[in-house]
Amino acid sequence: MEREHLIKPVLDHPYPTVQYGKGVFLYDDQGKAYLDGASGAVTAGIGHGVPEIIEAMTEQASKVSFVYRSQFTSEPAEKLAKKLSDLEPGGDYWAFFVNSGSEATETAMKIAIQHWQEKGRFGKNKVISRRMSYHGITMGALSMSGHVLRRRRFIPLLEDFPVVAPPYCYRCPFKLNAASCKLACADDLETAIKRIGAEHIAAFIAEPIVGAAGGAIVPPEGYYKRIKEICDRHEILFIADEVMTGIARTGEMFGMQHDGVEPDLIALGKGLSAGYTPMAATLVKDHVMAPILQGSKSIMAGHTYSANPQSAAVSLAVLDYIEKHQLAQAAQSRGVYLMAKLRQLADGIEIIGDVRGRGLLLGIEFVRNRDDKEMFPPAAGITARIIDKAFHKGLLVYPAAGAVDGAGDAIIVAPPLVITEAEIDL
Ligand code: PLP
């Protein structure tokens, strides 16, 4: 056998070679079809091979693909920034474009810290996050992530940022139930702030719905309103990591709209370009930008490919497509349909403990025993085995944490928002 050169996620795993994609299906070079039940990594939101996107890509490429952001602005980048602000109900956001979700959250962290520096408050440079969270793989983003498996090797290099309890109702960290809850998990933020001192804290970051570190965990009603109120009272910026939940995935353009909360900063990625090209963004509210505009007038972050016109044109075309085909509404209605089907399925499968989520971001948690929610031991590798079985049957689903840091074995089911009921039945 010829020696290999490409470093793949698991080096001795035999990955099939993809040939092409169409709609919700991917096809390998042996002609096998795979239903893309997780949009890759919750990314291919409008499905594969959409002609309108390919046309927009080609048209922009025929004009100019790349300019460096310190030399030129471009029409697609300007339009995309305005469009994203218009889509948010508050509508007063600036956009800083990057290339991945990790860069978007890390940039949000840097902007939050810079915001306080420009106000002369140099001590406010910690970011609080939650256990069971994932904000990205670069060092700053990983410092804010409560994902034990992904952190483990790099702990000496990571910032020791404080963490608070996740809003994980299925296994409440405070052993409370719906009647006794009183949002203790949200109040845990206030406890942490009082312990550390608000004068040391720049921001709090959280995913509207916990994705990779838990499997579509939706917080209890009122959680984010309480969180925002606590942040505001202590002069702490709230960063919503909408990398997975943003761009219509949950049935609204932004996941936080369900909670009626306007974050100070928003990280976007994945669905923003629906996988057609790398693209991500940090949205920053006017009041966060204000001291920077009056002060240094420059955000100390950025990457060579930031705001390249090619990716901006693609993202604009993706947003147009989502609006034209009303895919936020589709995510809502098809999400209800898929959830009902998964719950039916769960009735007959003993190891399904919980089916949850919102819109087309759904999660299934597996348990050894449904009655006492006993977890499988990590060594059983349940999540990996289920994903592998599904893969061989031609169904792609996405792994969530898998018995680390208090999280159970879980998968994410999040097909492209264009999926039909017949495809869901399949
Ligand atoms: N934030 C969230 C909520 C994510 O789910 C992810 C990726 O899964 C990231 C950040 C990191 O994004 P990327 O893998 O594009 O760097």
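Residues numbered from 1 in each chain as written. Predicted model: local features only at pLDDT ≥ 70, side-chain atom pairs only at ≥ 80, totals over all residues.

Caption draft 1: Examining the sheet that holds strand β12 (residues 361-366) more closely. On the basis of which strands lie adjacent, the open sheet formed by four strands has the order β11-β12-β14-β13 and antiparallel pairing. The open sheet has two edge strands, β11 (352-358) and β13 (398-399), and neither has a second partner. Where β12 lies against strand β14 (residues 409-413), five bridges are found, and the strand directions are antiparallel. Following the sheet pairing, Leu-362 is matched in β14 by Val-413. (Pairing = 2+ DSSP bridges. Helix = DSSP H or I, 4+ residues; strand = E, 2+ residues; numbered from the N terminus.)

Caption draft 2: Focus on the site of the ligand. The immediate surroundings of the ligand are formed by 16 residues, with Ser-100, Gly-101, Ser-102, Gly-136 and Val-243 found nearest. For the shell around the ligand, the element with the most residues is helix α4 (residues 101-118), which contributes three residues. Tallied by class, residues from the shell around the ligand come to six nonpolar, eight polar and two charged. (Near = placed C-beta within 6 Å. Nonpolar A, V, L, I, M, F, W, Y, C, P; charged D, E, K, R; others polar.)

Caption draft 3: A look at the domain arrangement of the protein. Partitioning the protein into structural domains gives domain 1 (18-50 + 325-425) and domain 2 (55-324). The C-alpha centroid of domain 2 is placed 24 Å from the C-alpha centroid of domain 1. At the interface, 37 residues of domain 1 touch 35 residues of domain 2. Of all the secondary-structure elements, those providing two or more residues to the side of domain 1 that touches domain 2 are α1 (39-42), α11 (327-347), β11, β12 and β14. Per-element tally for the side of domain 1 that touches domain 2: the top contributor is α11, with five residues. Classifying every residue of the side of domain 1 that touches domain 2 by side-chain character gives 20 nonpolar, eleven polar and six charged. (Domains from an automatic or database assignment. Contact = placed C-beta atoms within 7 Å.)

Caption draft 4: How the structure looks around the sheet that holds strand β6 (residues 163-164). The seven strands lie next to each other as β4-β10-β9-β8-β7-β5-β6, forming an open sheet whose pairing is mixed. One side of each edge strand has no neighbouring strand; the edge strands of this open sheet are β4 (93-98) and β6. Across three bridges, strand β5 (residues 126-130) lies against strand β7 (residues 201-206) in parallel orientation. Of the residues in β7, the one forming a bridge with Ile-128 is Phe-204. Packed on one face of the sheet, α4 meets β4, β5, β7, β8 (237-241), β9 (265-268) and β10 (280-285) and runs near 25° to β10. (Axes fitted to C-alpha atoms, helices over the stretch in contact; angles between N-to-C directions.)

Caption draft 5: Spotlight on unusual backbone geometry. Its identity as a non-glycine residue notwithstanding, Lys-175 has a phi of 55°, on the positive side. A tally of 8 C-beta atoms within 10 Å means that Lys-175 is categorised as exposed. The phi dihedral of Gln-326 is positive, around 50°, even though this residue is not glycine. For Gln-326, the location among the structural elements is in the loop between α10 (309-324) and α11. (Buried ≥ 20, exposed ≤ 12 C-beta atoms within 10 Å, placed from the backbone.)

Caption draft 6: Spotlight on the nonpolar core. Grouped together as the largest cluster of nonpolar side chains are 124 residues, with contacts concentrated most on Ala-112, Ala-203 and Ala-281. By residue number, the principal contributor to this core is α10, which donates nine residues. Each of two domains, domain 1 (18-50 + 325-425) and domain 2 (55-324), supplies a minimum of three residues to this core. Residue contacts for Ala-203: discarding those within four places in its chain leaves Met-109, Ala-112, Val-127, Ile-236, Leu-237, Phe-238 and Ile-239. (Core = buried A, V, L, I, M, F, W, Y, C linked by C-beta atoms within 7 Å.)

Caption draft 7: Summary view of the pairing of β8. In terms of burial, β8 is largely enclosed, as five of its five residues are buried. Side chains Leu-237, Ile-239 and Asp-241 project from β8 onto one buried face, and the interleaved Phe-238 and Ala-240 project onto a second face that is buried too. Summarising the sheet, β7 and β8 pair through four bridges and their orientation is parallel. In the strand pairing of β8, Phe-204 is matched with Phe-238. In this sheet, β9 lies alongside β8 in parallel orientation, the contact comprising three bridges. Across the sheet, Asp-241 pairs through a bridge with Ala-267, a residue of β9.

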